[in-house]
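# Descriptive analysis of the structure
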Amino acid sequence: MTIYDLKTMQICDIRESTVVALGFFDGCHAGHQAVFASCRALAHRMGAKSAVYTFSSLPKSKDAKCIFSLDERIRAIRKSGIDYLCIENFEQIMNVDAQAFLEDILCNRLHAIGACCGFNFRFGKGAVADASILTSFFENRGGCVNICDKILYGESTLSSSLLRSFIENGELDALCEVASPYSIYATVEHGKELGRTIGIPTINQKIPQDKIVPARGVYITECEIGEDVYASVTNVGVRPSVDLNGQENMETHIIDFDGSLYGSCVRVNFYKKIRDEKKFDSLDDLRAEVERNIEMAKNYFK
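Report follows, based on the coordinates.

For the rest of this paragraph, the subject is the sheet that holds strand β2 (residues 18-22). With parallel pairing, the six strands of this open sheet are ordered in space as β1-β4-β3-β2-β5-β8. Whereas interior strands pair on both sides, the edge strands pair on one side only; in this sheet they are β1 (2-5) and β8 (144-148). Taking each pair of neighbouring strands and ignoring which way they run, the sheet shows an average axis angle of 20°. The pairing of β2 with strand β5 (residues 112-118) spans four bridges and is parallel. Counted as the bridge partner of threonine 18 is alanine 112 from β5.

Moving on to the pattern of salt bridges. Across all of its chains, the model carries nine salt bridges by this definition. Aspartate 26 is the salt-bridge partner of arginine 164, the closest N and O atoms lying 2.8 Å from each other. Residue arginine 164 is located in helix α6 (residues 160-168), and its partner aspartate 26 is located in the loop between β2 and α1 (30-46); the two are separated by 138 residues in the primary sequence. Exposure class is identical for arginine 164 and aspartate 26. Each is buried.

Moving on, we come to the nonpolar core. Of all hydrophobic cores here, the largest spans 49 residues; its most connected members are Phe36, Val52, Tyr182, Val266 and Phe270. No other element matches the five residues that α1 contributes to this core. Grouped together as the second largest cluster of nonpolar side chains are 34 residues, Ala51, Cys86, Phe137 and Phe138 included.

Read around the closed barrel, the six strands follow the order β11-β12-β15-β14-β13-β16; overall the barrel is antiparallel. Each strand of the sheet is rotated relative to its neighbour by a mean of 45°, with strand direction disregarded.

Regions of empty space are outlined by a rolling probe, equal in size to a water molecule, passed over the atoms. Approximately 1100 Å³ is the volume found for the largest pocket. Lining the largest pocket we find 43 residues, and of these Gly23, Phe24, Asn120, Phe121 and Arg122 sit closest to its centre. Of all the elements in the fold, those that place two or more residues in the lining of the largest pocket are α1, β3 (49-55), α3 (90-93), β6 (122-123) and α6. In the lining of the largest pocket, the residues fall into 22 nonpolar, 13 polar and eight charged.

The set of residues buried in α6 consists of Ser160, Leu162, Leu163, Arg164, Phe166 and Ile167. On its buried face, α6 sits against α1, β9 (152-153), β10 (156-157), α7 (172-176) and β11 (182-189). Glycine 170, located one to two residues past α6, shows a positive phi value of around 75°.

How each quantity is defined
- Residues numbered from 1 in each chain as written.
- Predicted model: local features only at pLDDT ≥ 70, side-chain atom pairs only at ≥ 80, totals over all residues.
- Heavy atoms only, no water.
- Pairing = 2+ DSSP bridges.
- Helix = DSSP H or I, 4+ residues; strand = E, 2+ residues; numbered from the N terminus.
- Axes fitted to C-alpha atoms, helices over the stretch in contact; angles between N-to-C directions.
- Salt bridge = Lys/Arg side-chain N within 4 Å of Asp/Glu carboxyl O.
- Buried < 20%, exposed > 50% of the residue type's maximum accessible area, 1.4 Å probe, protein only.
- Core = buried A, V, L, I, M, F, W, Y, C linked by side-chain atoms within 4.5 Å.
- 1 Å grid on protein atoms, 1.4 Å probe; cavity = no way out; pocket = protein on both sides within 12 Å on 5 of 7 lines; lining within 4 Å.
- Points joined across faces, edges and corners; volume = space filled by probe spheres on them.
- Nonpolar A, V, L, I, M, F, W, Y, C, P; charged D, E, K, R; others polar.
- Contact = heavy atoms within 4.5 Å.

Shown next, in the form of structure tokens:
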């Protein structure tokens, strides 16, 4: 997959005709995967290359929290088999009207002869244009547009907003049914090393500011360390049994791992919430509970 970082004003030198998938694609859930698959299929049928046009950050606010970082979105889109990925800065085009977006960006810059999007896709200054306008534009030029229908999860429409609510409510097992596990990739920092005093060492990581913080509690997780993957148990919260300052923290015990990770970046994948955060009367009680949680994680991955 060739990547064009348009936000740095890099010239997009695509020479072939393309079919372009349009959207932010936060989380790259099953609905987004349907758009990617539709884009590849339509591009093949039209003898063109597949492309994704997306933004480097959430359009609403620079402070908005994401499911995926930009690097995680790139990784997921790469796995989907797309030929070209074009990343734009939303602020650079937020005042571009719909017709200029279609003609100048899609057709002139990306050589689009078709497009794919979700049922609720909107574009142009003020989001005034919808998928029907996109369809009319390309059909009038002899092209084609595929609009993917909504996918339901129970009675709710599958969306990035739904995934964000899963994370905030600790429903990570529900998220795993429709998307890749929620993950946090962060540097391992020095903590108080209290885990070692009870024989259960942990790593400490700060949750990046642009990532959603999962509901406080203990989770079955998995740690990616280089090329290796380990089952693990992660506490998200303030560690009420051992920490008196009330600071939010992410602390993980990596099962069957022995080594120092200080200064390294580790990815933690979240699968299932075991319990809410709880204060224990003694470190012995805490150790016994963590050992039970570890057994639950081992059984989960069996």
